[in-house]
Structure formats: structure tokens, C-alpha cells
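The chain contents come next:
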Amino acid sequence: MSGSRSLLYECALITGASGGLGEEFARQLAPHCRRLVLVARREEALKQLETRLRIDHPDLQLASVPLDLSRDSERGELIDQVIGTEWAPDLLINNAGMGDYGEFATGNWEKVHGMLDLNIVAVTHLTHGFLPEMLKVGRGAILNVSSLASLLPIPDFGVYAASKSYVTDFSEALRLEVRERGISVLALCPGPIHTGFGKIAGRDGVPAVTPIRELFHVPMEEVVHEALVALQWDWPRVYPGWRVALLAAGISLLPMAAIRYIMSHRPRSISAE
Ligand SMILES: NC(=O)c1ccc[n+]([C@@H]2O[C@H](COP(=O)([O-])OP(=O)(O)OC[C@H]3O[C@@H](n4cnc5c(N)ncnc54)[C@H](OP(=O)(O)O)[C@@H]3O)[C@@H](O)[C@H]2O)c1
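Treat the numbers as computed from the prediction; the structure is a model and nothing was measured. (Residues numbered from 1 in each chain as written. Predicted model: local features only at pLDDT ≥ 70, side-chain atom pairs only at ≥ 80, totals over all residues. Heavy atoms only, no water.)

### Examining helix 2 (residues 43-56)
(1) Moving on: Taking 1.5 Å per residue as the helical rise, helix 2 with its 14 residues ought to reach 20 Å, and the 20 Å between its terminal C-alpha atoms agrees with that figure.
(2) Moving on: Among the residues of helix 2, A45, L46, L49, E50 and L53 are the ones counted as buried. Buried residues of helix 2, seen end-on, are gathered within an arc of 140° and therefore sit on one face of the element. Turned more than 90 degrees off the buried face of helix 2, the exposed positions are E44 and I55.
(3) Moving on: Of the surrounding elements, those touching the buried residues of helix 2 are helix 1 (20-29), strand 2 (33-40) and strand 3 (61-66). (Helix = DSSP H or I, 4+ residues; strand = E, 2+ residues; numbered from the N terminus. Expected span 1.5 Å × (residues − 1). Buried < 20%, exposed > 50% of the residue type's maximum accessible area, 1.4 Å probe, protein only. Arc of directions from axis to C-beta. Contact = heavy atoms within 4.5 Å.)

### As for the site of the ligand
(1) Moving on: S18, R41, N95, Y160 and T195 are the nearest of the 31 residues found near the ligand.
(2) Moving on: Between R41 and the ligand, the recorded distance is 2.7 Å, taken from a side-chain N or O atom to an oxygen atom.
(3) Moving on: Take D68: an N or O atom from its side chain is 2.8 Å from a nitrogen atom of the ligand.
(4) Moving on: Burial of the ligand by the protein amounts to 95% of the accessible area it has alone, namely 880 Å².
(5) Moving on: Mapped by element, the contributors of at least two residues to the shell around the ligand are helix 1, helix 5 (158-178) and helix 6 (197-201).
(6) Moving on: For the shell around the ligand, the class distribution of residues is 14 nonpolar, 12 polar and five charged. (Near = heavy atom within 4 Å. Polar contact = N/O pair within 3.5 Å; in protein donor to acceptor, adjacent residues only side chain to side chain. Areas by Shrake-Rupley, 256 points an atom, 1.4 Å probe, with all protein chains shown as cover. Nonpolar A, V, L, I, M, F, W, Y, C, P; charged D, E, K, R; others polar.)

### Structural notes on a nonpolar patch on the surface
(1) Moving on: Side chains of L254, Y261 and I262 sit close together on the surface and give an oily, nonpolar patch of about 310 Å² of accessible area.
(2) Moving on: Examined against the element boundaries, Y261 turns out to sit in helix 10 (residues 256-264).
(3) Moving on: According to the relative accessible area criterion, Y261 is exposed, its value standing at 55%. (Patch = residues over 30% accessible without salt bridge, like charges linked within 9 Å, V, L, I, M, F, W, Y side chains within 5 Å. Salt bridge = Lys/Arg side-chain N within 4 Å of Asp/Glu carboxyl O.)

### A few points about the nonpolar core
(1) Moving on: Residues F25, L29 and L36 are the most contacted members of the largest nonpolar core, which totals 83 residues.
(2) Moving on: The dominant element in this core, judged by the number of residues it contributes, is helix 4 (residues 109-137), at nine residues. (Core = buried A, V, L, I, M, F, W, Y, C linked by side-chain atoms within 4.5 Å.)

### Overview of the sheet that holds strand 5 (residues 140-145)
(1) Moving on: If you walk across this open sheet you meet the seven strands as 3-2-1-4-5-6-7, and the pairing is parallel. Each edge of the open sheet is held by one strand with a lone partner, namely strand 3 and strand 7 (237-238).
(2) Moving on: Taken strand by strand, helix 8 (residues 220-232) contacts strand 1 (9-15), strand 4 (91-94), strand 5, strand 6 (183-188) and strand 7, and its axis lies near 150° from that of strand 6. (Pairing = 2+ DSSP bridges. Axes fitted to C-alpha atoms, helices over the stretch in contact; angles between N-to-C directions.)

### Things to note about the packing of aromatic side chains
(1) Moving on: Going through the model one piece at a time under the given rule, you end up with five aromatic pairs.
(2) Moving on: Three or more aromatic residues joined by ring pairs make a cluster, and in this case those are Y101, F157, Y160 and F197.
(3) Moving on: We note R35 situated over the ring of W87; from NZ or CZ to the ring centre the distance is 6.0 Å. (Phe/Tyr/Trp six-rings, centres within 6.5 Å; stacked < 30°, edge-to-face > 60°. Lys NZ or Arg CZ within 6 Å of the ring centre and 35° of its normal.)

### Concerning the pattern of salt bridges
(1) Moving on: Applying the stated criterion across every chain, the model contains 17 salt bridges.
(2) Moving on: Residue K136 is joined to E133 by a salt bridge in which the shortest nitrogen-to-oxygen separation is 4.0 Å. Linking K136 with E133, this pair stays in helix 4, spanning three residues, or about one helical turn.
(3) Moving on: The exposure class of E133 is partly exposed, given its relative accessible area of 23%.

### Regarding the state of the cysteines
(1) Moving on: With the rule as written, the count across this model stands at zero disulfides.
(2) Moving on: Note on C11: no disulfide assigned, nearest cysteine sulfur contributed by C33 at a separation of 7.6 Å.
(3) Moving on: Its relative accessible area of 0% is what places C11 among the buried residues.
(4) Moving on: Residue class for C33 comes out buried when judged on its relative accessible area of 10%. (Disulfide = S-S within 2.5 Å.)

Laid out in C-alpha cells, this is it:
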């Protein structure tokens, strides 16, 4: 399947919609959807977004679902509530994710475990829950938010980068399974974006900031816009921003020995100050 598709969805379900990229996805998708399901933990932030979207899009039907996606039972409840109803998504955006920036050995296990549950298990579980209904009607799309980091072994960011390698590889493989049956799968691989991500990824209240991150920063409006264009054209993968796209192409051409050398000389974690 190739070529342009009309960007019109019956229902889009966006995880991590209470801020950052997820909130921007909700804003940009609102004119292209009949229904939007907003998922994250912070109920108040979801309700505020809902209120703003209702003002701009009075015909849009909205539902906020406050839950912790790192918990198996809460994900299961969401799938059970939605499946078989008009709120079952024909567009699933697995966006919620988090990082942990710092040496692996000194990391907090609860945080690392939560990151694996959110970045890997939740993406896989929601896809497994919602894909069968898409296959039944022969139409749907899954957009998994991965990262440029998925291409690299990153010291101080190893678990996060590896979790995103999973997301990219899973998306590519799933795409090959379902593309002939009317389902698009896209891996969105952004470089650095200014959102709440850096603060949460940092340790001891120090945000995760490196000179490299700032060099490749792309505004989140541009990231989401490029992602939706890629979805419309049924692309397998997108690296928003020309600098990031160029960097990704360069990394893909390098032999592993060169990547190891470069990453071992990369500037390590520094504070925002
Ligand atoms: N920012 C970057 O530089 C960057 C670069 C490449 C890729 N990404 C990826 O982009 C995606 C979005 O991140 P962002 O930059 O927008 O970060 P963000 O501003 O921190 O937003 C993360 C979102 O995920 C939600 N979330 C976190 N933990 C959750 C949980 N346990 N259950 C439910 N929702 C949860 C948060 O809402 P609550 O706190 O309300 O739950 C929030 O809405 C992530 O997958 C991230 O890995 C980010």
C-alpha cells in the first residue's frame, strides 16, 4: 500500500496527552477527527485540554481517561472499556514515554522499571488490544513515538535508547505484518524537543541537557506536523527536522565500530546551568 491517504479518523486515542508532544498531537488532529480519547495520569491537565479543544472544535467528541499506563491492570481496563464501542481508535498514538538520564549503575530501579513498562510494555499492550478491531474493519493506523536515540547506544541513556530501539523495530516488523490489510504503522523518531521530558529524565532535580541536544532541537509543532504528513503518506519512519534527518541518514551509513568510537567520546551529562 502506498500513496496519500485522507487524514480523517473516526477516533484517535493519544497516550501522554496531558502535555508535550501528546498535547500537540491532540491540537493538530482535532480538525481531522470525529472523536479524541486523551490518556495520561494528570486528570486536571487532560480536562483543561478538553475544555480548550471544545471551544475551538464544538463538533469534536472528547473523552479524558486518567490512568497510569505503566500498570497492566489499568491498561487492560482501558482496552476493555473502549473495544467494541464507537470509541475504539482507528488511529492509535502511542506517545507516552519517559527517560532516565545518568549512569545505569546508580539509577533508581523503580524509575528504570517504570520506564520499561511505559516505553515498551504499554506500547505493545495497547497495540495488541486495539489492532484486532482495526484488522476487522480493514482500516486503521498506529503511530508509535520512538526517538532518534533508537539508532544509537548512548552512555548515560542506555535503557531509554534501547527501549526506543524496541519501539522502532517493533513498528517496522508490525508494519510488514499488517500493511496489506489496510493498517499503517509509523515510527516517529524525533531528535531533541523542548517539553517536560528533560526534567523528568534528569536526576536529583537537574534536567537532562547536553550540548548535542540543543544543536538538534526541533520545535514540537514541526515534529507533530511532519509526523502527520508521514502518516498521510503512509511512510514507515520519519525523523522530523532536516538536521535530525541528515544525522539519522549519516548514522545509518556508519559501521558499528565508528559508532562505538564516536559514542565513547561523546560529551557526558551536564547540568542546565
Ligand atoms: N522531548 C524529547 O526530547 C523527545 C525526543 C525524542 C522522543 N521523545 C518521545 O516523545 C514522547 C513524548 O514525550 P514528551 O517529550 O512530550 O515528554 P513529556 O512532556 O514529559 O510528556 C510525556 C507524557 O506522557 C505522560 N505519561 C508519563 N508517564 C505516564 C504514565 N505512567 N501513564 C500515563 N501517562 C504517562 C505524561 O502525562 P502524565 O504525567 O499526566 O501522566 C505526559 O503527557 C515520549 O515517548 C518520548 O520518549 C521525546
